[in-house]
Amino acid sequence: MRAWRGLRRLASSSGHGRPRRRAWETSLSPLERVRRLLPPEEAEAVARCAAAPHIPAPQEEAAASQVPLDAEGARPGPFRAGELALAEVRRKHNATVKMMCRLAAGSVLTSHGGVLPHRDIIGQLPGQVMRTSAGARLLLRRPSLEEYVLLMPRGPTIAYPKDISAMLMMIDIHPGDTVLETGSGSGAMSLFLSRAVGPKGRVISYEIREDHHNLAKKNYRHWRAAWEIGHKEEWPDNVDFILKDISTAAADMKSRTLDAIVLDMLNPQLALPVVHSSLKQGGVCAVYLANITQVIDLLDKIRTCKLPFVCEKIIEVTHRNWLVLPAKIKNCKSSHMAETKENIEEPPQKEYEEAHIPDQVVLKESEYNESLSDDAETYCSVPYIAKPSYWQDAHSAFLTKLRKFRPLIS
C-alpha cells in the first residue's frame with residue numbers, strides 16, 4: 001500500500017519536484033493551450049513570438065497618423081458644453097445604470113456612486129472612464145438615438161426602438177421621401193423618420209394634443225442642438241410639427257404626395273379615409289396599435305368602407321436578452337460543479353424605471369448591490385454559463401402593415 005501511494009505521489013509531481021496543480025487551481029490562456037499541443041521546438045518558437053513586442057509596419061504608422069482626432073475630421077471630437085453626455089455604470093451580472101445629462105460648466109452629474117463635475121467631463125473624448133467623488137467608475141460617451149428616446153422626457157408612452165426599427169423596414173423609405181406621421185407623442189418616431197428621409201426628405205407630423213405637440217418639438221430641438229455641437233454635420237431640420245386633428249385635414253392632404261404613412265393613434269380608422277388618396281400606389285401604411293381588438297376594428301373599417309388597402313402582415317416584436325457570465329467553482333471539488341444564478345434567489349423582475357434629477361435623467365435596468373471589481377479576471381480562467389435574462393423586452397404593440405393597391409376596373 002505504501003508503494004502504491006509513493007507511485008501516485010511520484011506521478012502527480014512535475015519535473016521540478018513541485019506537486020502538480022489541479023485543473024481548478026490553474027487556468028491556461030488559449031495560446032498556452034495551443035502551445036502544449038505542439039512539439040517542444042515549435043512551442044518555444046511560439047513563446048518567443050508572443051513575448052516579442054509588436055513593431056508596427058510603416059504602412060500601419062502612416063494609416064494611424066492620418067486618422068483625424070478633432071471635430072473637423074471623420075470622428076467626433078471631445079465633449080463640449082451644451083451637448084448630451086451619457087454616463088454608464090457597469091455592475092456585476094451585466095446590470096447597468098445609464099444617466100444622461102446636458103453638459104454645463106457649473107453643473108454636476110449625480111449618481112449613487114458620488115458626483116462628477118461637468119467641467120471634468122468637458123474636453124474629454126467619448127469612451128473615457130472617469131471616477132466620481134466616491135470612487136465609482138463611469139464610462140462617458142455620447143448617447144445613441146435609441147438611448148436618447150428612452151431617456152428623454154416623455155408625455156405619452158413612446159414607440160420603443162425595437163418597434164420603430166420594424167416599422168421602418170415595413171414602410172421601406174429612402175432619403176428624399178415624404179412621410180406622414182399621425183400622433184407626434186413625445187417625438188421618438190419623428191426623430192427616427194427624420195434620420196431615414198435625410199436632408200432632402202420631409203416628415204409631416206400631426207398631433208391633436210397641444211402638450212404632446214410642444215413636447216415632441218422640444219425633444220426634437222434638443223437632440224438637433226446637441227448633435228450639431230458634437231458632430232461635424234448638422235442634423236436635418238426636416239420635420240413639420242402640426243397641431244391639428246388629422247381627420248379634419250382633408251384639404252391639406254389634397255396637395256401632398258406621400259411615399260409612406262405611419263399611424264400611431266387611438267383610432268387610425270378615422271385617418272385612413274382622409275390620407276389614403278395622398279399615398280402613392282403601392283405605398284405602405286404602418287399602424288402602431290396596443291391591442292389586437294384595435295387591429296380588428298381597423299381591418300373591419302377597411303372592409304366596410306372598401307378602402308384600397310390590403311393587410312400584408314400583423315406582427316409583434318419581442319427581444320430575448322441573454323446573460324453570459326463566468327461561473328464560480330464550488331468548494332474546488334469538481335470543475336463541473338458551477339455555482340450559477342440558478343442557485344441564488346432570483347431578484348424580482350423590474351422594468352425600466354426613470355428618475356428625473358435636475359439636468360439629467362437616470363435609466364435603471366436592474367437592481368444591484370456590488371460594483372465591478374477593478375481586478376479583471378483572466379481570459380478563459382473559469383467556465384461560462386449562458387441563460388436568458390430575468391428582464392425581457394416583451395410585447396409593446398401590434399404592428400400592422402397595409403399596402404395601397406389599385407382596384408380592378410370591371
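Residues numbered from 1 in each chain as written. Predicted model: local features only at pLDDT ≥ 70, side-chain atom pairs only at ≥ 80, totals over all residues. Heavy atoms only, no water.

Draft legend 1. Focus on the overall build of the chain. Regarding its fold elements, the chain presents 12 helices and 19 strands. Each of the 410 residues in the chain was classed as buried or not, and the buried ones make up 38%. The long-range fraction of contacts in the chain, counting pairs at least 24 apart against all pairs at least 6 apart in sequence, stands at 68%. Accessible surface, the chain: about 24,300 Å² in total, of which carbon and sulfur atoms supply 53%. (Helix = DSSP H or I, 4+ residues; strand = E, 2+ residues; numbered from the N terminus. Buried < 20%, exposed > 50% of the residue type's maximum accessible area, 1.4 Å probe, protein only. Contact = heavy atoms within 4.5 Å. Areas by Shrake-Rupley, 256 points an atom, 1.4 Å probe, with all protein chains shown as cover.)

Draft legend 2. Broad picture of the confidence of the model for the chain. Looking at the chain as a whole, its pLDDT mean stands at 79, while 68% of the residues score no less than 70. Counted against residues more than four places away or in other chains, residues 14–19, with its pLDDT under 50, gives three contacts. A low-confidence stretch, residues 54–74 stays under pLDDT 50, and its non-local contacts, those more than four residues away or across chains, total 18 contacts. (pLDDT = per-residue confidence, 0-100.)

Draft legend 3. Summary view of the packing of helix H7 (residues 161–171) against helix H8 (residues 188–197). Interaxial distance between H7 and H8 falls to 11 Å at its minimum, and their mutual angle equals 45°. Comparing their axes, H8 and H7 come out oblique. Like other packed secondary-structure pairs, H7 and H8 cross with a definite hand, here right-handed. Of the residues in H8, those touching H7 at Pro-161, Ile-164, Met-167, Leu-168 and Ile-171 are Ala-188, Met-189, Phe-192, Leu-193 and Ala-196. Looking at side-chain class alone, the contact of H7 with H8 contains 10 nonpolar, no polar and no charged residues. (Axes fitted to C-alpha atoms, helices over the stretch in contact; angles between N-to-C directions. Parallel < 35°, antiparallel > 145°, perpendicular 65-115°, else oblique. Left-handed = near helix turned anticlockwise from the far one by under 90°. Nonpolar A, V, L, I, M, F, W, Y, C, P; charged D, E, K, R; others polar.)

Draft legend 4. Summary view of the nonpolar core. If you look at the biggest cluster of nonpolar residues, it comprises 41 residues, and the most contacted ones within it are Tyr-148, Val-149, Ile-171, Ile-173, Leu-193 and Leu-399. Within the second largest apolar cluster, 24 residues are counted, among which are Ile-246, Ile-261, Val-287 and Leu-298. (Core = buried A, V, L, I, M, F, W, Y, C linked by side-chain atoms within 4.5 Å.)

Draft legend 5. Spatial organisation of the sheet that holds strand E11 (residues 279–289). Pairing within the open sheet is mixed, and its seven strands lie in the order E9-E8-E7-E10-E11-E19-E12. Strands with a single pairing partner mark the edges of an open sheet, and in this sheet they are strand E9 (239–243) and strand E12 (309–315). Going from strand to strand, the sheet's axes swing by 15° on average, the running direction of each strand aside. Across five bridges, strand E7 (residues 178–182) lies against strand E8 (residues 202–207) in parallel orientation. Opposite Leu-180, over in E8, you have Ile-204 as the bridge partner. The strands touched by helix H9 (residues 210–230) are E8 and E9; relative to E9, the strand with the most contacts, the crossing angle is about 165°. The strands that helix H12 (residues 292–305) touches are E11, E12 and strand E19 (398–404); relative to E19, the one it contacts most, it runs at about 15°. (Pairing = 2+ DSSP bridges.)

Draft legend 6. Spatial organisation of H8. Counting buried positions along H8 yields eight of 10 residues, so the element is predominantly enclosed. When we look at burial in H8, the residues that qualify are Ala-188, Met-189, Ser-190, Leu-191, Phe-192, Leu-193, Ser-194 and Val-197.

Draft legend 7. Quick look at the packing of aromatic side chains. Across all of its chains, the model carries five aromatic pairs by this definition. Seen in terms of ring centroids, Tyr-148 and Trp-223 are 4.9 Å apart; in terms of plane orientation they differ by 40°. Their pairing is tilted. Taken together, the positions of Tyr-148 in helix H6 (residues 145–151) and Trp-223 in helix H9 put the pair 75 residues apart, joining distant regions of the chain. Across this residue pair, the class does not change: Tyr-148 and Trp-223 are buried. With a centroid separation of 5.8 Å and an interplanar angle of 90°, the aromatic rings of Trp-223 and Trp-235 are classed as edge-to-face. Pair noted here: Trp-223 is in helix H9 and Trp-235 is in the loop between H9 and E9, with a separation of 12 residues, a long-range link. (Phe/Tyr/Trp six-rings, centres within 6.5 Å; stacked < 30°, edge-to-face > 60°.)

Draft legend 8. Up close: the side chain of Thr-400. With respect to the helices, strands and loops of the structure, Thr-400 is situated in strand E19. Non-local contacts of Thr-400, meaning those with residues more than four positions away in its chain, are made with Met-170, Cys-285, Ala-286, Val-287, Val-295, Cys-311, Lys-313 and Ile-314.

Draft legend 9. View of the pattern of salt bridges. Scanning the entire structure with this criterion turns up 13 salt bridges. One salt bridge in this structure joins Glu-147 and Lys-98, with 3.3 Å as the shortest N-O distance. In this pair, Glu-147 sits in helix H6 while Lys-98 sits in strand E2 (residues 96–102), placing the two residues 49 residues apart along the sequence. Of the two residues, Glu-147 and Lys-98, neither departs from the other in class, the shared state being buried. Residue Asp-211 is joined to Arg-209 by a salt bridge in which the shortest nitrogen-to-oxygen separation is 2.6 Å. The partly exposed category is assigned to Asp-211, whose relative accessible area is 39%. What you see here is one network of salt bridges that share partners, running through Glu-88, Lys-98, Arg-141 and Glu-147. (Salt bridge = Lys/Arg side-chain N within 4 Å of Asp/Glu carboxyl O.)

Draft legend 10. Representation of unusual backbone geometry in the model. Here Asp-172, not a glycine, exhibits a phi torsion of approximately 55°, which is positive. Looking at the secondary structure, you find Asp-172 in the loop between H7 and E7. For Asp-172, a relative accessible area of 48% corresponds to the partly exposed category. With a phi angle near 55°, Lys-306 is a residue other than glycine that sits in the positive phi range. If you trace the backbone, Lys-306 turns up in the loop between H12 and E12.

Draft legend 11. Here's a closer look at a nonpolar patch on the surface. Residues Ile-292, Ile-296 and Ile-314 make up a contiguous nonpolar surface patch of about 250 Å² in total accessible area. Tracing the backbone through its elements, the reader meets Ile-296 in helix H12. (Patch = residues over 30% accessible without salt bridge, like charges linked within 9 Å, V, L, I, M, F, W, Y side chains within 5 Å.)

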